[in-house]
Every structure is written in structure tokens, then in C-alpha cells.
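# Working through the structure, step by step
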Amino acid sequence: MAVAADAPIQGKWKNPSGSVVVAIGPCGNAWCGTVASASDGAKADARRGGTATLVGTRLMTGFKAAGADKWRGRMFVPDLNHRSNAELRLIGTDQLKVTGCMVGRMICKSQMWTRTD
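In short, a report on the structure. (Residues numbered from 1 in each chain as written. Predicted model: local features only at pLDDT ≥ 70, side-chain atom pairs only at ≥ 80, totals over all residues. Heavy atoms only, no water.)

### Observations concerning the overall build of the protein
Each helix and strand in the protein was counted, giving one helix and eight strands. Secondary structure elements of the protein occur, N-terminal to C-terminal, as β-β-β-α-β-β-β-β-β. Taking 13 Å as the expected radius of gyration for a compact globule of 117 residues, we find that the protein reaches 13 Å, a close match to that expectation. In terms of its C-alpha atoms, the protein occupies a principal-axis envelope of roughly 35 × 35 × 25 Å. Across the 117 residues in the protein, those meeting the buried criterion constitute 38%. Intrachain contacts of the protein at a sequence separation of at least 6 include 36% that bridge at least 24 residues. If you sum the accessible surface of the protein, you get close to 6400 Å²; carbon and sulfur atoms cover 53% of it. Each charge class in the protein was averaged separately, 16 positive and 8 negative side chains, and the resulting centres sit 6 Å apart. (Helix = DSSP H or I, 4+ residues; strand = E, 2+ residues; numbered from the N terminus. Rg over C-alpha atoms; globule rule 2.2 N^0.38 Å. Buried < 20%, exposed > 50% of the residue type's maximum accessible area, 1.4 Å probe, protein only. Contact = heavy atoms within 4.5 Å. Areas by Shrake-Rupley, 256 points an atom, 1.4 Å probe, with all protein chains shown as cover. Lys, Arg positive; Asp, Glu negative; His and termini not counted. Charge placed at Lys NZ, Arg CZ, Asp CG, Glu CD.)

Here's what the structure looks like:
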């Protein structure tokens, strides 16, 4: 069963520094996010972390609804070469709080991403 044709998180989102733009869209029965564009600095950081090609890399996988304006799935952090559990929370229509956690939920980091489309 595929996800609905659209959701409030579908579209392009940029990280706080504007160095990476991720396109979120349906993938099977979940939502995924793939790097659509990245600055030279972000590409260099990813290479140092072991990700040879940042643009086109899937950073978000398996995100499914987990409440009102909230989705949970897995996040790949290319500059650390690490996957972790993550949560996306829509704040208004143009802000997305992206939270990734390691060591269970004991070490977490959040960023506010902005819609670019």
C-alpha cells in the first residue's frame, strides 16, 4: 500500500545553514528524503565522512505518520557516516523540526529546516 499522493512534509527543505536541500517524497508505503543539492563545503564534509557523492544520497528512509504533524523513520548523517532513529515534526507550514537520536534516545540533536519550494 502506497502513502497518500501528498503530505504536508512533501517538497524541498533546506537545512539551517542552507548548505543542503533535501527533496521529501513518497517511497513505497513511507516517506523518504534525498539530497537535491548541496554546497561544496557540505560535499567535502560528506566525503570526509565516507560518502563519496552527496547529491542523490537518500538521507531519510521509512518515515511514517506517528501523530499529528509528526513522522518517524531513519536518518543518515553523511559527514558522520551514521544512521539513527529520527523524527520529523511540522511547525506551521514552512518549518520542519528534524531530530535524530543515538544511544536509544539519550543523545539527540535537532535542527529547524525551511521549505524551499
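After that view of the structure, there is still more to cover.
### Observations concerning the state of the cysteines
Counted under the stated rule, the structure contains two disulfides. Covalently, cysteine 101 is tied to cysteine 108 through a disulfide, its sulfur atoms 2.0 Å apart. The sign of the S-S torsion, about 110°, decides the handedness of the disulfide formed by cysteine 101 and cysteine 108: right-handed. Disulfides within the protein link the bonded cysteines, taken in sequence order, as 1-2, 3-4. (Disulfide = S-S within 2.5 Å.)

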